Every structure is written in C-alpha cells, then in structure tokens.
Amino acid sequence: ASSDGMAANALIECLDVLHLLLEKFGSVLAAELEDTRATITPLLDAGRAPMRKRAANCLAALSAHVPDQTLASIVGDAMGGLASAGSTMAVNIRVTLIGAIARTVGARFGPHIAQVLPALAARVRSAGEGPEDDELREAALGAIEAMMKRCHAQAAPLAADALDVSLELLSYDPNYADDEDSDGDDEIMDGDDDDYEDDEGDYSDDEDTSWKVRRASARSAATVFAAQPQTVSAEGGFHAASARLIGRFRDREEVVRLDVFAAYGALLGCAKKQGDALAAEVPALVKALARQLREAKAKEGKARMAAFGLLAQTCGVLPGCFAEQVGSLLDAAAAALAEDAAGAGAMKVEALNFIEVLLDTHAAGDVQPHLGVLIAPLCEAANDKYYKVAAAGLA
C-alpha cells in the first residue's frame, strides 16, 4: 500500500510537469499530442481526486494545440462520458474538463456550445444534494461562465438558458430557509442595532458547501449580463433578474454577497438603455442595501463597502434616482464616517466616494435640506490621519 501511494504521488508530480510542458511548449510537441491524450484520458477515472483533476488540466492544456477535428473528438469523448458515467464523481471530472477546455481554447469552443450547455443545465437541475452534487453544480456553472465569456457570438442564442440556470441556483441553500420577501424596515437608519439579529451569521456548518454553488451562480450571471446584455432587454427581463439578485443580498455568507453585489453591478451595465426599468427597482434596491449599511459586525465590513459602491454605481447610471431617499442615505454615510473601529478607513473612503457621487448626480433642491448632517463628519474626515480618508473628505 505504501509503494502504491508513492507511485500515485510520483504520477501526480509527473502530471504537474506535463501540464507545464503542454502550456509552454505544446505547439512544438504536435507529433506527441495524440499519444499523450491516449495516455492521460484513462486517468480521468483514477481513484484519487488530485490525479483526476491534474489529468483534466493536462487535457485542457493539450486542447489548445490540437486541430479543430481533434478538439471536437476530445469534447465528444467528454460529453459521451458525461452521458454514460455511473457515478457523480465521474460526471464531475468531465464537467470540470469541459469548463477547463472552454477557458483554454476560447472562441474555438463555440461550435460545441449548442450541445454542451443544455446538457450541463440538465445535469445541474437533476443533481441531488450532497458535497459531490455541489461540486457538480459549481463546476457546471464555471463551465457555463467560461462559454459565455469566451464565445460571445456562438453563446448568444443560449444566453437566456444560461441566465435562467444561474439565477435558479442563486438561492440554492438546502440547509437554510430564508424568507427573501422580508427585508426589514424600509428606512436605513430606523431600528435599534442592538435588537437587530443577523440570523444568517449565526448559522455555521463547516461541511456545507452550498455557498460555493451560490457564488458560482452569481459569477455566471454577472458574466451573462456583461457579455450578453440583450438577455434582459425583453419586457420584464430586467425586473426578473433584479428581483432575484436583490433577494440574495441577504445571503448568510459574505463572500457570496460580494459576488451578488458584483453581479448587480454588471446588471446595471445593461440598464443604460433601460432607465425606466432601473428606476422601478430603486425602492427595492435601497431597502435591501439598508441591511448592509446598518450591519454592526466588523467582519461584515467588505459587504458594507460593496453596498456603498453599488449605490454610487447606481447614481452614475441613473442620475437623480435617489431623490426620495437622499436623507436616509446621507444619514447612513454619516454614520459610517463616525465609526472609529480598526480598519474603518477603507469604509470611510467608500462612504465619502458615495457622498461625492450622490451630490454630483442629484439636484441641489434634493440634497440641500440634508446637508447639515454632513458638515461635522466631512470636517473630521478632512483632518483624518489616514491620507486616503483626508483626500476623499477634501474632494
């Protein structure tokens, strides 16, 4: 058993070296690529996960240097193995391989999207619950993201399907029940922070990997918005996507929330020609971000900073959109500037940047009644010992 383990470890090291060779010198190894492929492919079903993943990486690197006919054969073999695989483990490695190939060969993967993407979406929707199934969902979403990002023209007809499956899995959290329609008080600063209870933060399960699925879902959706903005141009499309994303601003994992905020930022890029659609979303957007802006825990600082950034981005896309919420938003920014916790400097910079954008994009009549709340915080910021805060305060 010891010698078998040593041999497996040696093989893994060999695959690492081979991967580097194929990446750097694959074009000069053309005569050896077919034999290399035949040697590597059986390792996709090896018993050790590190060996399977390295074999997939090698095949993906090899795919960049083979003719289109051979590339089609590699993709066909992966899809055939996907259809006939008898275990989730075997399915997972082939989905991982497909994603790695799409990221490596770029637009050359385009002719295969019509076959691959619907199959991946079907696999994701039929997967069970468990760590291996979560790995499948994450890998499939990563592959879909790669196809949307690298193959714009060929991916366009299937962009709606890619967005649908991404938004469906955005709320995948089998170990936790959350009411997405309940988002607390409408006003940002109303309510007592001491009474506020972050139920998501209290939940902890070291074996729960569903957050990786939600994160991959948000990233995939963001890529669709950026690469295929026409996907949300149909009537009701922008609202449907916005509602799904806003509903996940409450995700119990901060790392997921950050990607959800980034996805909404990408959605805002689609709103430049849909001002009315975005204006209709503003009340719900502000209401949902209120939760982040009043979050008291220091560990949630990145989410609060991202919330200020998203508000500033919204102002840039639709000037004057917060006319009815100016007072509450400036109160929230002033509260952030009053914080003196360790690491609060970055938060203050984001709050000051938001204040600047808000003042620049809203009519004087909307902001003048609320400027009094800013005078003292801005004076303190201008004299802050952290130079970035002082610079932003003076700006």
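Model, not experiment: these values are computed from the prediction.

With respect to the overall build of the chain
For the chain, the helix and strand inventory stands at 20 helices and 0 strands. In the chain, buried positions account for 48% of the 395 residues. Contacts spanning at least 24 positions in sequence make up 77% of the contacts within the chain whose residues lie at least 6 apart. Total accessible area on the chain stands at roughly 18000 Å², and carbon and sulfur atoms take up 52% of it.

Let's talk about the packing of helix α15 (residues 301-317) against helix α16 (residues 326-337)
Contact geometry for α15 and α16: axes closest at 12 Å, N-to-C directions at 140°. One element, α15, and the other, α16, form an angle in the oblique class. Where α15 crosses over α16, the two elements pack in a sense that is left-handed. Within the contact between the two elements, α15 uses Arg304, Phe308 and Leu311 and α16 uses Leu329, Ala332, Ala333 and Ala336.

Overview of the side chain of arginine 248
When you line up the elements, arginine 248 lands in the loop between α12 (237-247) and α13 (254-269). A polar contact of 2.8 Å, which involves the side chain of arginine 248, links it to the side chain of aspartate 251.

With respect to the confidence of the model for the chain
Looking at the chain as a whole, the pLDDT averages 87, with 90% of positions reaching at least 70. Contacts from residues 181-204, a stretch scored under 50 in pLDDT, to residues over four places away or in other chains number 49 contacts.

What to know about the pattern of salt bridges
Pairing between side chains becomes possible if they bear opposite charge and their charged atoms approach one another. Per the stated rule, a full pass over the model turns up 18 salt bridges. Its salt-bridge partner being arginine 125, residue glutamate 168 comes within 3.0 Å of it at the nearest N-O pair. Residue glutamate 168 is located in helix α9 (residues 159-169), and its partner arginine 125 is located in helix α6 (residues 113-126); the two are separated by 43 residues in the primary sequence. Residue classification places glutamate 168 among the partly exposed residues on the basis of a relative accessible area of 36%. Here aspartate 251 ties to arginine 248 by a salt bridge, and the two come within 2.8 Å at their closest N and O atoms. The class of arginine 248 is buried, set by a relative accessible area of 5%. Overlapping salt bridges bring together Asp173, Asp208, Arg214, Arg248, Asp251, Arg252 and Glu253 as one network.

A few points about helix α14 (residues 275-293)
The axis of α14 is deflected most strongly, by about 40°, at valine 282, and proline proline 283 appears within four residues downstream. Of all the positions in α14, only Leu278, Glu281, Val282, Leu285, Val286, Ala288, Leu289, Ala290, Arg291, Gln292 and Leu293 are classed as buried.

Overview of the nonpolar core
Core analysis: the biggest nonpolar cluster contains 120 residues, and Phe109, Met147, Phe225, Phe249 and Tyr264 have the highest contact counts within it. Non-local contacts of phenylalanine 225, meaning those with residues more than four positions away in its chain, are made with Leu163, Val232, Ala241, Leu245, Ala263, Ala266, Leu267 and Cys270.

Focus on the packing of helix α5 (residues 88-105) against helix α7 (residues 131-150)
It is at 8 Å that the axes of α5 and α7 come closest, and there the two elements cross at 20°. Relative to α7, the element α5 is oriented roughly parallel. Two packed elements cross with a definite hand, and for α5 against α7 that hand is left-handed. On α7, the residues that touch Thr88, Met89, Val91, Asn92, Val95, Thr96, Gly99, Ala102 and Arg103 of α5 are Glu132, Asp133, Glu135, Leu136, Ala139, Ala140, Gly142, Ala143, Ala146, Met147 and Arg150. Taken together, the residues of the contact of α5 with α7 sort by class into 10 nonpolar, 5 polar and 5 charged.

Observations concerning the side chain of threonine 231
Structurally, threonine 231 is set in the loop between α11 (210-227) and α12. From its side chain, threonine 231 meets the backbone oxygen of glutamine 228 in a polar contact 2.7 Å long. Setting aside its immediate chain neighbours within four residues, threonine 231 contacts Ala159, Ala160, Leu163 and Val224.

Observations regarding the environment of glutamate 339
On the secondary structure map, glutamate 339 appears in the loop between α16 and α17 (344-361). Owing to a relative accessible area of 25%, glutamate 339 belongs among the partly exposed residues under this scheme.

Analysis parameters
Residues numbered from 1 in each chain as written. Predicted model: local features only at pLDDT ≥ 70, side-chain atom pairs only at ≥ 80, totals over all residues. Heavy atoms only, no water. Helix = DSSP H or I, 4+ residues; strand = E, 2+ residues; numbered from the N terminus. Buried < 20%, exposed > 50% of the residue type's maximum accessible area, 1.4 Å probe, protein only. Contact = heavy atoms within 4.5 Å. Areas by Shrake-Rupley, 256 points an atom, 1.4 Å probe, with all protein chains shown as cover. Axes fitted to C-alpha atoms, helices over the stretch in contact; angles between N-to-C directions. Parallel < 35°, antiparallel > 145°, perpendicular 65-115°, else oblique. Left-handed = near helix turned anticlockwise from the far one by under 90°. Polar contact = N/O pair within 3.5 Å; in protein donor to acceptor, adjacent residues only side chain to side chain. pLDDT = per-residue confidence, 0-100. Salt bridge = Lys/Arg side-chain N within 4 Å of Asp/Glu carboxyl O. Bend = angle between axes of the 7 residues up to and from the residue. Core = buried A, V, L, I, M, F, W, Y, C linked by side-chain atoms within 4.5 Å. Nonpolar A, V, L, I, M, F, W, Y, C, P; charged D, E, K, R; others polar.

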